[in-house]
Amino acid sequence: MKYKNYIVSFAAGSSGRFIRALLDRIIKNSEEPIPLTDKNSAHDVIIPIDYNLSLEDCDVHHKDVFKYLTFLKTHSIFTSHTYPDFKLLNSNLNDVGIILIQFDLEDCPEIMINSWTKNGVVSHPSEILIPKIKHQFNQSVYMLKRKFSLFLYNPALQEDNTLILRYRNLYEKTEKSYKVLEILKEFSGAENIPNSVIEACDRYSAGRNILLKQAGLR
């Protein structure tokens, strides 16, 4: 592998936990299936991770989390909604690969649908069509654009140990696979793309289409 450990930094709803599961299977060359919930969520995927936060009770999404993060075992994959502090991470951690999930403005409604549905803000995506809830939803989309503006796609960002992964790459198919899988394979230095992750992307893409239709975006 190119790196001992990995960090996936992403805004809520932009599929960071699914990316983590894909990376885990690719690194291990594992055919273990990736379970998805009926809400197309990978939140329940159990992946052992050995890390330590030297500040007691520090939340993994706290703005200062990278000041206190240390890995205890190689090939652990840490996820956080905090934007990477590249200078701090590369001075404190040895041999870490950073995956930054960025999105385009037009992706924001879909990402908010993911966040609301998978985190239980609404029990069903169709609730977003209710006028009162739709107003709240549109406000949340606006806040996503402002609060997570650093996660908007920026092709000028260049960091040697950082992969800028666009949210839309998740659903772009290639002749035999998905673009996201080929990108993760190259970034990690893996030699193979297991069938398990191709199959998972098929299910995740189908689940995405269902959610968007239920929310009135398709």
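Before going into details, it helps to say that this report is about the structure given with it.

Conventions and cut-offs
- Residues numbered from 1 in each chain as written.
- Predicted model: local features only at pLDDT ≥ 70, side-chain atom pairs only at ≥ 80, totals over all residues.
- Heavy atoms only, no water.
- Phe/Tyr/Trp six-rings, centres within 6.5 Å; stacked < 30°, edge-to-face > 60°.
- Helix = DSSP H or I, 4+ residues; strand = E, 2+ residues; numbered from the N terminus.
- Buried < 20%, exposed > 50% of the residue type's maximum accessible area, 1.4 Å probe, protein only.
- Core = buried A, V, L, I, M, F, W, Y, C linked by side-chain atoms within 4.5 Å.
- Contact = heavy atoms within 4.5 Å.
- Axes fitted to C-alpha atoms, helices over the stretch in contact; angles between N-to-C directions.
- Parallel < 35°, antiparallel > 145°, perpendicular 65-115°, else oblique.
- Nonpolar A, V, L, I, M, F, W, Y, C, P; charged D, E, K, R; others polar.
- Pairing = 2+ DSSP bridges.
- 1 Å grid on protein atoms, 1.4 Å probe; cavity = no way out; pocket = protein on both sides within 12 Å on 5 of 7 lines; lining within 4 Å.
- Points joined across faces, edges and corners; volume = space filled by probe spheres on them.

## As for the packing of aromatic side chains
Link 1 in the chain: This model, assessed by the stated rule, comprises 11 aromatic pairs.
Link 2 in the chain: Between Phe18 and Tyr204 the ring centres are 3.8 Å apart and the planes differ by 5°, which places this aromatic pair in the stacked class. Of the two residues, Phe18 sits in helix 1 (residues 16-28) while Tyr204 sits in helix 7 (residues 195-214), which places them 186 residues apart along the sequence. Grouping residues by exposure puts Phe18 and Tyr204 together as buried.

## Thoughts on the nonpolar core
In summary, soluble globular proteins display a tendency toward joint burial of nonpolar side chains.
Link 1 in the chain: Ranked by size, the top nonpolar core spans 68 residues in total, and within it Ile19, Leu22, Val180 and Leu181 carry the most contacts.
Link 2 in the chain: Considering every element that reaches this core, the biggest residue donor is helix 1, with seven residues.
Link 3 in the chain: Leu181 has contacts with Leu22, Ile26, Ile193, Val197, Ile198 and Cys201, leaving out every residue within four places of it along the chain.

## Details of the packing of helix 4 (residues 108-118) against helix 7
Link 1 in the chain: It is at 11 Å that the axes of helix 4 and helix 7 come closest, and there the two elements cross at 95°. When the axes of helix 4 and helix 7 are compared, the pair comes out roughly perpendicular. Taken together, the residues of helix 7 that come into contact with helix 4 (itself represented by Glu110, Ile113, Asn114, Thr117 and Lys118) are Tyr204, Arg208, Leu211 and Leu212.
Link 2 in the chain: Along the lines of polarity and charge, the residues of the contact of helix 4 with helix 7 split into four nonpolar, two polar and three charged.

## Some details on the sheet that holds strand 6 (residues 162-166)
Link 1 in the chain: Pairing is parallel in the open sheet, where four strands are placed in the order 4-1-5-6. The sheet is open, and its two borders are formed by strand 4 (77-80) and strand 6, each paired with just one other strand. Pairwise comparison of adjacent strand axes, ignoring direction, gives a mean angle of 20° for this sheet.
Link 2 in the chain: Taken strand by strand, helix 1 contacts strand 1 (5-9), strand 4, strand 5 (96-102) and strand 6, and its axis lies near 170° from that of strand 4.
Link 3 in the chain: Sheet strands touched by helix 6 (residues 179-188): strand 1, strand 5 and strand 6. Its angle to strand 6, the strand with the most contacts, is close to 180°.

## Some words on the side chain of Ser196
Link 1 in the chain: Residue position: Ser196 is located in helix 7.
Link 2 in the chain: Setting aside anything within four residues of it in sequence, one finds Ser196 in contact with Arg25, Ser30, Glu31 and Glu32.

## A short note on the layout of surface pockets
Link 1 in the chain: Space inside the largest pocket adds up to approximately 360 Å³.
Link 2 in the chain: If you trace the largest pocket, you find 18 residues lining it, with Ala12, His81, Leu144, Lys147 and Phe148 closest to the centre.
Link 3 in the chain: Elements represented by at least two residues in the lining of the largest pocket include exactly helix 4 and helix 5 (131-147).
Link 4 in the chain: Considering each element in turn, the lining of the largest pocket owes the most residues, four residues, to helix 5.

Shape is all these values report; function is a separate question.
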